[in-house]
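For reference, the chains in residue letters:
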Amino acid sequence: MKKILVLLFLTVGAIAAQAQEIKWMTFDEAIKAQKKNPKPIFMDVYTDWCGPCKLLDKNTFSDKTVADYISKNYYAVKFNAEGNSEVNYKGKKYTNPTFDANRRGRNGIHEFTMFLQVQGYPSMFILDKKGDVQSPLVGYRTPEELLKDLKG
């Protein structure tokens, strides 16, 4: 029995050691970091009810190669398109005045989501080293597809 438990713990430990996580930050944290050390920003725009968004987290962002690449080359931001965060971008403050904390499912759309002109979820945006928004990647991507898009 002890051997089985030891083997189980070693297996779980090996799997956990292989998993790489992206170090997500808020948009404001990424903009501040970018001012100190210029690097592009990778922003995942998602909603809580979006199935493909959850698959992106589960299958693509948890992939070691994707996580390593994003962590090395970008400041990574996870932005809830219907959340209640405050975003400060280029001298303007964006909020979600219609957010309802008691609401399940779809919620009010964040002003920053409207500024980005999000067409669907998930959407991934790259902001260059100056903080300017580039064209979005809309929809689910496998790890291979996302890496191909990011490497251009």
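What counts as what
Residues numbered from 1 in each chain as written. Predicted model: local features only at pLDDT ≥ 70, side-chain atom pairs only at ≥ 80, totals over all residues. Heavy atoms only, no water. Buried < 20%, exposed > 50% of the residue type's maximum accessible area, 1.4 Å probe, protein only. Helix = DSSP H or I, 4+ residues; strand = E, 2+ residues; numbered from the N terminus. Pairing = 2+ DSSP bridges. Core = buried A, V, L, I, M, F, W, Y, C linked by side-chain atoms within 4.5 Å. Contact = heavy atoms within 4.5 Å. Axes fitted to C-alpha atoms, helices over the stretch in contact; angles between N-to-C directions. Parallel < 35°, antiparallel > 145°, perpendicular 65-115°, else oblique. Left-handed = near helix turned anticlockwise from the far one by under 90°. Nonpolar A, V, L, I, M, F, W, Y, C, P; charged D, E, K, R; others polar. 1 Å grid on protein atoms, 1.4 Å probe; cavity = no way out; pocket = protein on both sides within 12 Å on 5 of 7 lines; lining within 4 Å. Points joined across faces, edges and corners; volume = space filled by probe spheres on them.

Chemist: Go over the pairing of strand β3 (residues 75-80) with me, naming the residues and quoting the values.
Modeler: If a strand is regular, its side chains alternate between the two faces of the sheet. Across the six residues that make up β3, a large majority, five, are buried. Relative to β3, strand β1 (residues 24-25) is paired through two bridges, and the arrangement is parallel. Looking at β3, one finds that W24 is bridged to A76. Two strands pair when backbone bridges link them, and strand β2 (residues 41-46) and β3 are joined in this way by six bridges, in the parallel orientation. Across the sheet, F42 pairs through a bridge with A76, a residue of β3.

Chemist: Give a description of the side chain of S123 that names residues and reports values.
Modeler: Tracing the sequence through the fold places S123 in strand β6 (residues 123-127). Since its relative accessible area comes to 0%, S123 is described here as buried.

Chemist: Mind laying out the nonpolar core, listing which residues take part and the relevant values?
Modeler: F27, M43, V45 and F112 are the most contacted members of the largest nonpolar core, which has 19 residues in total. Of all the secondary-structure elements, those providing two or more residues to this core are α2 (27-36), β2, β3, β4 (87-89), α5 (111-116) and β6. The element that contributes the greatest number of residues to this core is α2, accounting for four residues. Setting aside residues no more than four positions away along its own chain, F27 makes contact with M43, V77, V87, N88, Y89, F112 and L127. Ranked by size, the runner-up nonpolar core spans 15 residues in total, among them F61, Y74, L147 and L150.

Chemist: Pulling in residues and values, what's your account of the packing of helix α4 (residues 64-73) against helix α6 (residues 143-151)?
Modeler: Where α4 contacts α6, the two axes come as close as 9 Å, and the packing angle between them is 25°. Between α4 and α6, the angle falls in the class roughly parallel. The hand of the α4/α6 crossing is left-handed. Of the residues in α6, those in contact with T65, V66, Y69 and I70 of α4 are P143, L146, L147, L150 and K151. Looking at the contact of α4 with α6 residue by residue, the classes come out as seven nonpolar, one polar and one charged.

Chemist: Give a detailed account of the layout of surface pockets, specifying residues and quantitative values.
Modeler: Considering only enclosed or pocket space, the largest pocket measures out at about 180 Å³ in volume. Counting residues per element, the lining of the largest pocket draws most heavily on α2, at five residues. The class makeup of the residues in the lining of the largest pocket is two nonpolar, three polar and six charged.

Chemist: Report on unusual backbone geometry, specifying residues and quantitative values.
Modeler: Trans is the prevailing form of peptide bonds, just as negative phi is the prevailing case for residues other than glycine. The amide bond that connects Y121 to the next residue, P122, takes the cis arrangement and shows omega of -5°. Turning to its location among the elements, P122 is positioned in the loop between α5 and β6. The phi dihedral of K90 is positive, around 50°, even though this residue is not glycine. Looking at the element boundaries, K90 is found in the loop between β4 and β5 (92-94). Phi is positive for Q117, which is not a glycine, with a value near 55°.

Chemist: Account for the pairing of β2, with residues named and values stated.
Modeler: Of all the six residues making up β2, six are buried; the element is thus mostly covered by neighbouring parts of the structure. Side-chain alternation along β2 places I41, M43 and V45 on one buried face and F42, D44 and Y46 on a second face that is also buried. In this structure, β2 lies alongside β6, joined through five bridges in antiparallel fashion. Note on β6: the bridge partner recorded for I41 is L127.

So yeah, pure geometry; function would need other evidence.
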